[in-house]
Amino acid sequence: MSTTVSGKSTTWRNWAGNVTARPVREVTPASVEELSAAVRQAAEDGLKVKAVGTGHSFTAAAATDGVLIRPQLLTGIRNIDRDAMTVTVEAGTPLKRLNAALAREGLSLTNMGDIMEQTVSGATSTGTHGTGRESGSIAAQIKGLELVTADGSLLSCSATENPDVFAAARIGIGALGIVTAITFKVEPVFLLTAREEPMSFDRVTGSFDELWAENEHFEFYWFPHTGNTNTKRNNRSAGPEQPVGQLSSWFEDEFLSNGLFQAANWVGRAVPATVPSIARISSRALSARTYTDIPYKVFTSPRRVRFVEMEYAVPREALVETLRELKTMVDRSDLRISFPVEVRTCPADDIALSTASGRDSAYVAVHMFRGTPYQAYFTAAERIFTAHEGRPHWGKVHTRDAEYLAKAYPRFGEFTALRDRLDPERLFQNDYLRRVLGA
């Protein structure tokens, strides 16, 4: 198998359709050596280089008019070390395939986000996370990684090997090099019991601290224009395994949460005045349920309705006030918002540009149906988030720049200094990185 190089200029679009790019050429390397050669060739040609996964970022983090690297041939598990309880996986492997492969081996990641379509490198590089009282983002589960740097060389890092690179590269936003392999900490597969139930906005915000403390993984969705939320509590279980029934799964996860929700959003986009009524119906559509299954089948859900998203991490202690301000803003505005607001938490970690770097965090994500104007809503929400020292998710819509982010991240200078060392000529630069990291 050998690398594929396309000299034809084609348009690349992300999943949401809000970002496009026209690279000079695309390269699909079949080995790390071929990837290194592609990086060196780009440098010789005076072209910038970016790697792109499945395009689930809403920012232009992966966009380039130079050389676009597609990693879909760099997939699969390299090694499982049962003594160290780690797995090393090629960077282009989709999380879906990794989860299934680990389950066959009787292993699991400790925590996951709520979708698993992304590649492992794309998910970790942008800070993808789930929710957890004590377990952090996917990047926080990394024990080592390797990346091709701007001179085409391969650099490995861990807590003991090149620790300064390890502290930054776990969430590198594509600024330090192209990740080729990641070593994750894993554990024996376990069972989670999920308890999903409706709860009022006032109740969930009034008892948030207790709900967070009592559950290993707690999250909820608030439906704008209503006082309703749907909550989800995931906790480890001794079993037995009791997965969602096939018919129930199809009806709630496919028909209601995707098919009917898609149709409702079409109606809301065409006739905005119907959105509050649709929101009230949507917020009551799902009934309470409890089920027990292996982790990735509990953490993740199908997301087929396309949208645009903004998400900020605020200090966990500021969450309730942030949400109440967001609800007040929506209630007093003329905005019509058909998508729920997602709320999750994450413990502090030690990754330089993690949104949870150095502080326990809560995430508030706002969404708008694809094709619906989102700027007014996101601008108003961002004003609230930044007033509470919010940090934007690197892969989701935001307007922050290096000046703001340098104040929001105590270790921002550490990251940019490492970038100066590893990529002094800015081979991996693009407009997005220029804005968020500086020249």
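These numbers were taken from a predicted model, which means no experiment stands behind them.

The rules we used
- Residues numbered from 1 in each chain as written.
- Predicted model: local features only at pLDDT ≥ 70, side-chain atom pairs only at ≥ 80, totals over all residues.
- Heavy atoms only, no water.
- Helix = DSSP H or I, 4+ residues; strand = E, 2+ residues; numbered from the N terminus.
- Buried < 20%, exposed > 50% of the residue type's maximum accessible area, 1.4 Å probe, protein only.
- Contact = heavy atoms within 4.5 Å.
- Pairing = 2+ DSSP bridges.

A. Spatial organisation of unusual backbone geometry. With an omega of 5 degrees, the peptide bond between G239 and P240 qualifies as cis. Mapped onto the secondary structure, P240 falls in the loop between β16 (228–237) and α7 (246–270). Phi at M85 takes a positive value of approximately 55 degrees, unusual for a residue other than glycine. Position of M85 among the secondary structure elements: in the loop between β7 (77–81) and β8 (86–90). Positive phi, close to 75 degrees, is recorded for H225, a residue that is not glycine. You can see H225 is positioned in the loop between β15 (217–222) and β16. H225 sits in the buried class, given a relative accessible area of 16%.

B. Structural view of the side chain of S158. With respect to the helices and strands, the residue S158 is situated in strand β11 (residues 154–158). If we skip the residues at most four places from it in the chain, S158 touches K143, G144, P163 and F166.

C. Highlighting the sheet that holds strand β17 (residues 289–293). The antiparallel open sheet is built from eight strands, whose spatial order is β17-β14-β16-β15-β19-β20-β18-β21. A strand with exactly one partner marks an edge of an open sheet, and here the two such strands are β17 and β21 (391–392). Of the strand pairs in this sheet, β15 and β16 are connected by six bridges, and their pairing is antiparallel. Within the sheet, the bridge partner assigned to Y221 lies in β16 and is N230.

D. Inspection of the pairing of strand β12 (residues 178–185) at higher detail. Among the eight residues that make up β12, seven are buried, leaving the element largely enclosed by the rest of the structure. Where β8 and β12 come together, five bridges link them in antiparallel fashion. Paired with V87 across the bridge in β12 is F184. Pairing of strand β10 (residues 142–148) with β12 involves six bridges; the strand directions are antiparallel. By the bridge assignment for β12, E146 is matched with A181.

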